[in-house]
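So you can see what is in the structure, the chains are spelled out below.
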Amino acid sequence: PAGVTFGSPTALSTTAGFSSAGTYILRLTVSDGSLSAFDELLILASNDTTPPVISNVGAGGVTQTAATITWTTNEASDSQVDYGTTASYGSSTSLNTSLATSHSTALAGLSAGTLYHYRVRSKDAAGNLGLSADYTFTTTAPTNQPPTVYAGPDQTIVLPAVASLSGTTSDDGLPNPPARLTYAWTGPAGVTFGSPTALSTTAGFSSAGTYVLRLTVSDGPASSMDELSINVREPGNRLPQVNVTADIFLGTAPLSVTFSATASDPDGDPLRLTWDFGDETRLSGAGADPVAHVFDAVGLYYVSVTADDGRGGVVRSDALAVEVIDNAAIDNAFTSEGPHVVSSSAGCHTNQTARFADILALALLFIRCAANKRKPKPTLPQRWQDKFR
C-alpha cells in the first residue's frame, strides 16, 4: 500500500520502510515467465519510543590530565559524556553524531589527583535518549619534583667585610601538605652565617682565603643544592712576584732563546705579563707559558718581564743577560796565524799566539754565564766542536 518504501523491490531479500504507524500487508510475487505465484505477510508498524540500552561503561587511559570513556549500546546511537568534580557534572563533551554501537570519548584538560564524576549519553535514530548511571574515576596524582635553587654569583670581599648572601628558589608546591620549603647554608671551618636557615643571610670569615658555600633547599621528600665561591682578601693590595729563566744565554746570531716566567699574586689577582727583550721588542698580555724570541744582531741584551695585577701592583723581574757573539770574529780566531786580538762586548781581549787563540775564543762563549749565575749552554757550529774533541 501507499506509505511503504522498499529498498530493492525486485530482490528476494530487501527492506521496507513505513511513513507512519499502522498495519501493512506486503506481497511477494515470484514468476518463471509462464507461471507465477505470490505470498503475503502482515507488518504492524509502530513508533520507536525505546531508548538505547547502555552497558559496559568504563574509564581508561587515566593520566594526570586526561581519560577515555567507553561504552556500548544495543542499537546504533550517537555519543556524548557529561563530567565534573561533582554529580552535577557541569561539563560535557562535544556531541558525536555518528551512529554506532561501540563508543569512545576522550576527556582532556583535567586536574591531577582529582576525583571526577561522569555519565554517558546515547540517542538513537528515532531520537530516543539513553542515559547511564553515575560513575567516577580519579586522575593520577602529580609527581613531586625537587626545588630549583641558585645560591647567587661568586664574590670577592676584603676583610673585615662580610658577604651578603641572597639565594633564589622555585618549587612545584608538592607535597601538599606541607607545601613549604626549608633552607640550609653550610660552609667550611672559619665561616659564620648570620642565619643559616634563611634564604637571604650574611657570612663572615675568620681569615683570608677562598671559601665554597652551599645552599640546600628541601620540600621534605626532595632537595636540591647550589654552591658559590667567596674570595676573601686581606686589607690592602700585595705585590705580585715574577721571575724569568731562559734555556740558553750565549750564542751566535741569529740566536733563538726560549724564556719562561714564573708569576704569582698573594691576593689571587689575575696577572698580565709584559716581556721586554732588550732589543726594542715587547710582548704584552702574554701568559706564563714559554715565549720564544730570536736575536738577530750581535750584542748584549737584558731581558725582563713585568707583572701587573690590575689593582696598581706592578713588579718587574730581575734582568736576564743574553749575549750574541760575532760569528766572523770567532772564525778568525780559529784560522788566523800569529798574534791577534779576540774581544767580546764585555771588554775582554787578548794578544796571544794562535795556539792559545782557540781556547780564548771558546772562553768568550762562557764569559756571560757568570753574570747570570747559571750553567752555560752555548751553541757552537760543528766545525768549532771538532777543534776540542
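Sequence positions are assigned chain by chain, starting from 1 and proceeding in written order. The predicted nature of this model means local features are confined to residues of pLDDT at least 70 and side-chain atom pairs, given and counted, to a pLDDT of 80 or more, with totals for whole chains, interfaces and linings taken over all residues. Side-chain metrics rest on all non-hydrogen atoms present in the structure, leaving aside hydrogens and water.

### Quick notes on the packing of aromatic side chains
- Stacked, tilted and edge-to-face are the three classes applied to pairs of Phe, Tyr and Trp rings, where Trp contributes its six-membered ring and a pair requires centres within 6.5 Å; stacked means planes under 30 degrees apart, edge-to-face means over 60, and tilted covers the rest. Summed over all chains, the structure comprises 11 aromatic pairs.
- Look at Phe205 and Tyr211: their rings are 4.7 Å apart centre to centre, the planes differ by 45°, and that puts the pair in the tilted class.
- In textbook terms, an aromatic cluster arises when at least three aromatic residues are bridged by ring pairs, as seen for Phe259, Trp275, Phe277, Phe295 and Tyr301.
- Stacked on the ring of Phe38, the Lys or Arg Arg27 has its end atom at 4.0 Å from the ring centre. Remark: a charge is flagged as sitting over a ring if the NZ atom of Lys or the CZ atom of Arg is within 6 Å of the ring centre and within 35 degrees of the ring normal.

### So, the sheet that holds strand β16 (residues 182–186)
- For two strands to be treated as a pair, DSSP must find no fewer than two bridges joining them. Starting at the N terminus, helices and strands are each numbered in turn, a helix being any DSSP run of H or I of at least four residues and a strand any DSSP run of E of at least two. Strand order in the open sheet formed by 4 strands is β13-β20-β19-β16, with mixed pairing between adjacent strands. A single partner strand is all that each edge strand has here, and the edge strands are β13 (155–158) and β16. Strand-to-strand twist across the sheet, computed as the mean angle between neighbouring axes with direction ignored, equals 25°.
- With 5 bridges joining them, β16 and strand β19 (residues 209–218) adopt antiparallel strand pairing. Bridged to Ala184 within β19 is Thr216. Here, axes are lines fitted to C-alpha atoms. For helices the fit covers the stretch in contact, and angles between N-to-C directions go from 0 to 180 degrees.

### Observations concerning the sheet that holds strand β23 (residues 255–264)
- In space, the 3 strands of this open sheet follow the order β21-β23-β26, with antiparallel pairing throughout. Looking at which strands have only one partner, the edges of the open sheet turn out to be β21 (241–246) and β26 (291–295). Averaged over all neighbouring strand pairs, the angle between strand axes comes to 30°, with direction disregarded.
- Bridge count between β21 and β23: 6 bridges; the pairing is antiparallel. Across the sheet, residue Gln241 finds its bridge partner in β23, namely Ser264.

### What to know about the layout of surface pockets
- Space inside and on the surface of the protein is sampled on a 1 Å grid over the protein atoms alone, with a cavity defined as a set of points where a 1.4 Å probe fits but cannot get out and a pocket as an open set with protein on both sides within 12 Å along at least 5 of 7 lines; lining residues have an atom within 4 Å of a point. Grid points are joined across faces, edges and corners, and a volume is the space filled by probe spheres set on the points. Size it by volume and the largest pocket reaches roughly 330 Å³.
- Lining the largest pocket we find 17 residues, and of these Phe6, Thr14, Leu26, Arg27 and Leu28 sit closest to its centre.
- Contributing elements (two or more residues each) for the lining of the largest pocket: β2 (16–18), β3 (22–31) and β4 (36–45).
- In this classification, Asp, Glu, Lys and Arg are treated as charged, Ala, Val, Leu, Ile, Met, Phe, Trp, Tyr, Cys and Pro as nonpolar, and every other residue, Gly included, as polar. Here the lining of the largest pocket is built from residues that sort into 10 nonpolar, 4 polar and 3 charged.

### Concerning a nonpolar patch on the surface
- A cluster of nonpolar residues, Leu12, Leu28 and Val30, forms a patch on the protein surface that exposes about 310 Å² of accessible area.
- Within the fold, Val30 resides in strand β3.
- For Val30, a relative accessible area of 49% corresponds to the partly exposed category. Residues form patches when they are more than 30% accessible in relative terms and have no salt bridge. Like charges link within 9 Å. Nonpolar side chains (Val, Leu, Ile, Met, Phe, Trp, Tyr) link within 5 Å. Per-residue and other accessible areas follow the Shrake-Rupley method at a 1.4 Å probe size, with only the shown protein chains counted as cover for residues. Only one rule defines a salt bridge in this text: a Lys or Arg side-chain nitrogen within 4 Å of an Asp or Glu carboxyl oxygen. Burial here depends on accessible area, computed with a 1.4 Å probe over protein chains only, as a share of the maximum for the residue type. Under 20% is buried, over 50% is exposed, and the range in between is partly exposed.

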